[in-house]
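Residue-level structural notes
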Amino acid sequence: MKLQYILEMKKPQTHFYNVTMNIEDFTEDSMLLTMPAWAPGSYEIYDFARFVRGLVAKSGDTELEIQKRDKSTWKVNTKGYNSINVSYEVFANELSVHTSHVDSTHGFLNGTSVFLYVEGYKDQSLELIIRPYGDWRVSTGLEKLSDNRYRAVNYDILVDSPIEVGNHRSLYFSVDGKEHEIVLYGHGNENEEIIREDVKKIVEQYAKIFGHLPYKRYVFIYHLVSDDDQSGGLEHLNSTTIDIDRFTFSPFEKYKHFLSVTSHEFFHLWNVKRIRPVELGPFNYKEENYTTMLWMAEGFTNFYGYHVLLRAGLIDQKEYFRYLAENMRYHDFLPGSRNTSASESSFDAWIKLYRPTPNNINSYISYYLKGELLGFVMDLMIIETTKGAKSLDDFYRLLMDKYNKDGKGYTEKDVMAALKDVSGRDFSDFFANYVRKPGILDFSREMKSIGFTLKKGYRKVDGIEPREKAYLGIIVRTNGGRYVVDSVVEGSPAFEAGINPKDEIVALDSFRFGDVFLKDAKEEVKRLKLDNLSTFKPGQEVRVTLFRRGIMHQINATLATAPYELYEIVEDPSPVQGYEPLRSKFFTG
Ligand SMILES: [Zn+2]
């Protein structure tokens, strides 16, 4: 069979892509054409067929009979014809990393939401011709044959290569003789030179870890968007798309987010793209693909994402420890960490991480957070066991050797075997207790091996650290000057007193409820605020005035001692002997 796709955007301002598939040398009597229901890396059913219209199949001038088979599949009657063309339109007006977008300013395609595949022929090599609008040009990780003509060895590669079409800026740099393109769509407070230098530093650091870069060319596609737009990143084989606040480039407090998401998505080219859980490929695009290993695929990527910034000199140790300690605090604070294991968290990504309920904080913990902390602990365990000779880097080099070559994925068993190979240590008990069970990690024990310890306490009030603080246990989202409960912490006074998500809090005793009673629930997640009642005492009874479905209620609650709000990683006053080499190994890899 011969397969060619032609992509056009004749009137970009109307948000439609026109796709034509030319299929030759096809011998069967019928053909099934399917639009994916999800985009790999984004574990959510999206049913991209919703955006398709006007599907027509022809052979020459003869229109062929088409039947819709299920929500995502069309059946074309090809009897008597071995060369056909299929054309359709795709409505693309959602700018996110896992959808497609076209408007008067640019076109962006995530292939799973634009290209149909021929059932039974996903392995077929194919050609893509792009006809850009006006003077627009194309940037993509796809193999280029000539101007606007590309090739993919199969459908998976086609849809794993996002495409940016427009008048975007492109910056270039090279590492190890490989070309890297940075695509910038949109403007904000960026500095092109600093972006180029810092992204290069990240690439160099990973090249050092793995010894080489396993691609010919790599493309970073950045969409500089507004604060209200969806932000995020999505990993691909030779590229990534990152949608980020256009004003993220300064001050450094914000810029470090740009660096960490870049580092995270780049590490994915190994972790999940070339070294993957066995269930994540070849993909079944029609339905959920379940795996228990996202804590490693995403969580370890988070761990490397930040750790590599430290190793590249882009953040200092103080910042690294601040970030790590904040994640440890949040992990301990979330009741969900006591209810969901890392494996279960991964398996339920489709219905819990991507479709959270207001009770998620009590029943679920994200595999990003849990996995990142597992990565930290396991790195230290390897370093400690091998007296600094090996680290998690060696584990990844081993996996790359083993699993990239045959293209197969790993199982949890394979991961345990690789950990044992690298460290000589048996991780069976650790997996049983901390991966498959919602066991609480003891960070202090592992940190002692590198001469640090964990200090827990409260933020200072008027220069003095309080011995305790009071809290109600509500997590609030501010909404146009209104304070609406997003979640209630299980076991907290608010939980016991029956304050509910969606309640609008208006007063505590006789005080109007406001910002003064709130602080960030997690430093990196600014939209969620936890109550912070430093002027009240634990044990004190307060009257909470709230509106619920338009009716005012007054509820009494007895305040409790707030969980610690500040974890700090500090020098251990009595470190274990020989910690120095272990410490240096942790910081330099
Ligand atoms: Zn990721």
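Note: the structure precedes this text.
Residues numbered from 1 in each chain as written. Predicted model: local features only at pLDDT ≥ 70, side-chain atom pairs only at ≥ 80, totals over all residues. Heavy atoms only, no water.

1. Brief notes about the overall build of the protein
Counting its secondary structure elements, the protein contains 15 helices and 33 strands. What you see for the protein is a C-alpha radius of gyration of 26 Å, in line with the 25 Å of a compact globule of 589 residues. Along the first, second and third principal axes, the C-alpha set of the protein runs to 80 × 65 × 45 Å. Contacts spanning at least 24 positions in sequence make up 68% of the contacts within the protein whose residues lie at least 6 apart. (Helix = DSSP H or I, 4+ residues; strand = E, 2+ residues; numbered from the N terminus. Rg over C-alpha atoms; globule rule 2.2 N^0.38 Å. Contact = heavy atoms within 4.5 Å.)

2. Quick look at the environment of Gly-463
Structurally, Gly-463 is set in the loop between strand 22 (452-457) and strand 23 (470-471). Gly-463 gets classed as exposed once you look at its relative accessible area, which sits at 59%. Counting along the chain gives 446 residues from Gly-463 to Tyr-17, while the straight-line C-alpha distance between them is 60 Å. (Buried < 20%, exposed > 50% of the residue type's maximum accessible area, 1.4 Å probe, protein only.)

3. Let's talk about the coordination of the zinc ion
His-264 (NE2), His-268 (NE2) and Glu-298 (OE) make up the full set of protein donors to the zinc ion, lying at 2.0 to 2.1 Å. Each donor residue of the zinc ion belongs to the same chain, with the gaps between them written as H-x3-H-x29-E. As far as burial versus exposure is concerned, His-264 and His-268 are alike and both buried. (Donors = N, O, S within 2.8 Å, 3.2 Å for Na, K, Ca; no water.)

4. Overview of the nonpolar core
Core analysis: the biggest nonpolar cluster contains 160 residues, and Phe-115, Trp-295, Phe-395 and Tyr-396 have the highest contact counts within it. When residues no more than four places from it in sequence are discounted, the contact partners of Tyr-396 are Phe-210, Phe-267, Asn-271, Ile-275, Met-296, Phe-300 and Tyr-304. Leu-508, Phe-517, Leu-533 and Val-544 belong to the second-largest nonpolar core, a separate cluster that totals 22 residues. (Core = buried A, V, L, I, M, F, W, Y, C linked by side-chain atoms within 4.5 Å.)

5. Considering the sheet that holds strand 6 (residues 66-70)
Pairing is antiparallel across the open sheet formed by four strands, whose spatial order is 6-7-3-11. Single-partner strands in this sheet number two, and they are strand 6 and strand 11 (117-118). Bridge analysis of strand 3 (residues 30-34) against strand 7 (residues 73-77) gives five bridges, and the strand direction is antiparallel. Following the sheet pairing, Leu-33 is matched in strand 7 by Trp-74. (Pairing = 2+ DSSP bridges.)

6. Section: the packing of aromatic side chains
Tallying each qualifying case throughout the model produces 60 aromatic pairs. Ring geometry for Tyr-222 versus Phe-258: centroids 5.0 Å apart, planes at 35°, classification tilted. Note that Tyr-222 is positioned in strand 19 (residues 217-225) and Phe-258 in helix 3 (residues 252-267), a separation of 36 residues in sequence. Given a relative accessible area of 0%, Phe-258 falls into the buried group. (Phe/Tyr/Trp six-rings, centres within 6.5 Å; stacked < 30°, edge-to-face > 60°.)

7. Overview of the packing of helix 9 (residues 367-385) against helix 11 (residues 412-423)
Running from N to C, helix 9 and helix 11 cross one another at 35°; their axes reach a closest spacing of 9 Å. The segment helix 9 lies against helix 11, with Met-378, Ile-382 and Thr-385 engaging Leu-419, Val-422 and Ser-423. Tallied by class, the residues present in the contact of helix 9 with helix 11 amount to four nonpolar, two polar and no charged. (Axes fitted to C-alpha atoms, helices over the stretch in contact; angles between N-to-C directions. Nonpolar A, V, L, I, M, F, W, Y, C, P; charged D, E, K, R; others polar.)

8. Some remarks on the pattern of salt bridges
Here the structure, examined in full by the defined rule, presents 40 salt bridges. For the salt bridge of Asp-147 with Lys-144, the shortest nitrogen-to-oxygen distance reads 3.6 Å. Of the residues examined, Asp-147 reaches a relative accessible area of 64% and is grouped as exposed. One network of salt bridges, in which partners are shared, links Glu-253, Lys-256, Glu-319, Arg-322, Arg-459, Lys-522, Glu-523 and Glu-524. (Salt bridge = Lys/Arg side-chain N within 4 Å of Asp/Glu carboxyl O.)

9. Some words on the sheet that holds strand 21 (residues 239-245)
Sheet strands pair via backbone hydrogen bonds, and the direction of the pair is either parallel or antiparallel. Read from one edge to the other, the open sheet built from five strands follows the order 17-18-19-21-20, with strand pairing classed as mixed. Pairing within the sheet leaves two strands with one partner each, and these edge strands are strand 17 (169-175) and strand 20 (232-235). Here the average twist between neighbouring strands, direction ignored, is 15°. The pairing of strand 17 with strand 18 (residues 178-185) spans seven bridges and is classified as antiparallel. Directly across from Phe-173, in strand 18, lies its bridge partner His-180. Against the sheet, helix 2 (residues 192-210) engages strand 17, strand 18 and strand 19, with an angle of about 35° to strand 17. Across the sheet, helix 3 is in contact with strand 19, strand 20 and strand 21; its angle to strand 21 comes to roughly 160°.

10. Digging into helix 4 (residues 294-311)
Between its terminal C-alpha atoms helix 4 stretches 24 Å, which fits the 26 Å expected from 18 residues at 1.5 Å a residue. Of all 18 residues that make up helix 4, 18 are buried, and the element is covered over most of its length. Gly-313 sits one or two positions beyond helix 4 and adopts a positive phi of about 75°. (Expected span 1.5 Å × (residues − 1).)

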